[in-house]
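These are the residues of each chain, in order.
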Amino acid sequence: MSAHPSTWQRACSAIALTVLVVGCSGRQAALDPAGDQAATIEILWTLMLWMCGFMYLLVLIFLGHALWRARHVLSSEPVPHGAQRPAERPLRMALAGWFGLIVGGLIVLSLGSFFIDRSLANARLDNAIKIKITAAQWWWKVEYLGETPAQRVATANELRLPVGRPALLELQAEDVIHSFWIPNLGGKQDLIPGRINSLLLTPRREGEYRGQCAEFCGLQHAKMALDATVVGERDFAAWRQQQLLPAHAPSTPEQLRGHEIFMSGPCASCHQIVGTPAAGQNGPNLTHLASRRTIAAGARPYSFEALRDWLRDPHTIKPGNHMPQVQLSNSDLHALTSYLDSLK
Ligand code: CUA
């Protein structure tokens, strides 16, 4: 047993270091909380980690002791029939203590879960911004609900939140069960067809974060990301004001041709571009598409080339997605890309 502690210490340090480097920081890390809810959940996580780690260590110590005992004690002199082995009394006491420890540990974990859950449920809603999020295979429809319909902002696959202000999310699903999760900001919440769930996020640190659908929802579940940005109140107001504007009107002959292709082809029946006749609701709203950082729910960083490749054949980037491939000549493809790329 004497060599074990140093081996264990080394193993534990290696694991801790790996977790620290890989999982504890970054834009998609539950252990790098940037909001009240994530910070609260991290407390519970830490409590569970230490408690379960301690229990596991005890189990290993008992196991090691049992193996040692099997070799050294049981193989020694035979004990007369009916007599109690001298080592059994301490063992019974240890087992009783172990039982007490398990029950006590479970009580602490249950109370911890209860109070963390209460604290999440009792979070303040003052001045909360209301956002409706609808999940579909495999993208996120995001609608900021204003006081009047004219103040409603619709976007897709991106979520912008003002720092320090609670955001009350209304979560729905169009087809199958999805799960909303931005690890830096809060816990998971399922989106279930026919139900409305809600989730409160109160971001405390400005930055860019990554959300990810956390429930297997079909072929492209992995490519169902949400680009989340937390900004200052003033930047948020400016962004919202910009999103309320109708789409940029085509200003070059190429963009004009792209606009015509979009409006006369199948694109307009699935996508909405505010300020144009395109009012489809099946696919993402494209009014300010070119101001987003990714395309196809995080499948690619946004660029003219990525958009063109996507329009040429969406199924090479995201096989099985519901956007049909539209046959376009190279010049039409370029014109359509130019038009959509102008929608800042
Ligand atoms: Cu949506 Cu997984």
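Here, every reference points to the structure presented above.
To start, this report covers the structure provided alongside it. What you are looking at is a predicted structure, and each value in this text was computed from that prediction instead of being measured.

With respect to topology, three strands assemble into an open sheet ordered S4-S10-S9, the strand pairing being mixed. The sheet is open, and its two borders are formed by strand S4 (158-162) and strand S9 (207-212), each paired with just one other strand. Strand after strand, the sheet turns through a mean of 25 degrees between neighbouring axes, direction not considered. For S4 and strand S10 (residues 225-231), the ladder comprises five bridges, and the chain directions are parallel. Looking at the pairing, Pro162 lines up with Val231 of S10. Against the sheet, helix H4 (residues 233-244) engages S4 and S10, with an angle of about 135 degrees to S4.

Moving on, we come to helix H2 (residues 36-72). In this model H2 runs 54 Å from its N-terminal to its C-terminal C-alpha over 37 residues, within 8% of the 54 Å that 1.5 Å per residue would give. Among the residues of H2, Gln37, Ala38, Thr40, Leu44, Met55, Leu58, Gly64 and Arg69 are the ones counted as buried. Close packing links the buried residues of H2 with helix H3 (88-121) and strand S8 (197-201).

Turning next to the packing of H2 against H3. It is the contact of H2 with H3, at a shortest axis distance of 10 Å, that shows an interaxial angle of 170 degrees. In terms of orientation, H2 lies roughly antiparallel with respect to H3. A breakdown of the residues in the contact of H2 with H3 according to their chemical character gives 19 nonpolar, six polar and two charged.

So, about the packing of aromatic side chains. According to the stated counting rule, one finds seven aromatic pairs in the structure shown. Note on Phe62 and Trp98: the rings are 5.4 Å apart at their centroids and 85 degrees apart in plane angle, and the pair reads as edge-to-face. Here the residue Phe62 occupies a position in helix H2, and Trp98 occupies one in helix H3, the gap between them amounting to 36 residues. On the accessibility criterion, Phe62 (35% relative accessible area) is partly exposed. A residue is classified by how much of its surface remains accessible, and Trp98, at 17% relative accessible area, is buried. Taken together, the ring pairs in this structure connect Tyr144, Phe236 and Trp239 into an aromatic cluster. Positioned over the ring face of Trp181 is Lys188, at 4.6 Å from the centre of the ring.

Procedures and definitions
Every residue gets a number counted from 1 within its own chain, in the order that chain's sequence is written. Side-chain atom pairs in this predicted model are given and counted only at pLDDT of 80 or more, local residue features only at pLDDT of at least 70, and totals for whole chains, interfaces and linings cover all residues. By convention in this description, side-chain values take in all heavy atoms of the structure and omit both hydrogens and water. Note on pairing: two strands pair once DSSP finds at least 2 bridges between them. The helix and strand labels rest on DSSP assignments: H or I over at least four residues marks a helix, E over at least two residues marks a strand, and numbering proceeds from the N terminus. Only the stretch in contact is used when fitting a helix axis, every axis being a line fitted to C-alpha atoms; angles between N-to-C directions are given from 0 to 180 degrees. Between two residues, a contact is recorded if the distance between any of their heavy atoms is within 4.5 Å. Here a helix's expected span is defined as the number of its residues, less one, multiplied by 1.5 Å. Only protein chains enter the accessibility calculation, which uses a 1.4 Å probe; a residue is then buried when its area is under 20% of its type maximum, exposed when over 50%, and partly exposed in between. If an angle is under 35 degrees, it is roughly parallel; if it is over 145, roughly antiparallel; if it lies from 65 to 115, roughly perpendicular; otherwise it is oblique. The nonpolar class holds Ala, Val, Leu, Ile, Met, Phe, Trp, Tyr, Cys and Pro. Asp, Glu, Lys and Arg form the charged class, and all remaining residues, Gly among them, are polar. Any two of the Phe, Tyr and Trp rings considered here, Trp counted by its six-membered ring, make a pair once their centres fall within 6.5 Å; the pair's planes then place it as stacked at under 30 degrees, edge-to-face at over 60, or tilted in between. Here, a charge over a ring means that NZ of Lys or CZ of Arg falls within 6 Å of the ring centre while also lying within 35 degrees of the ring normal.

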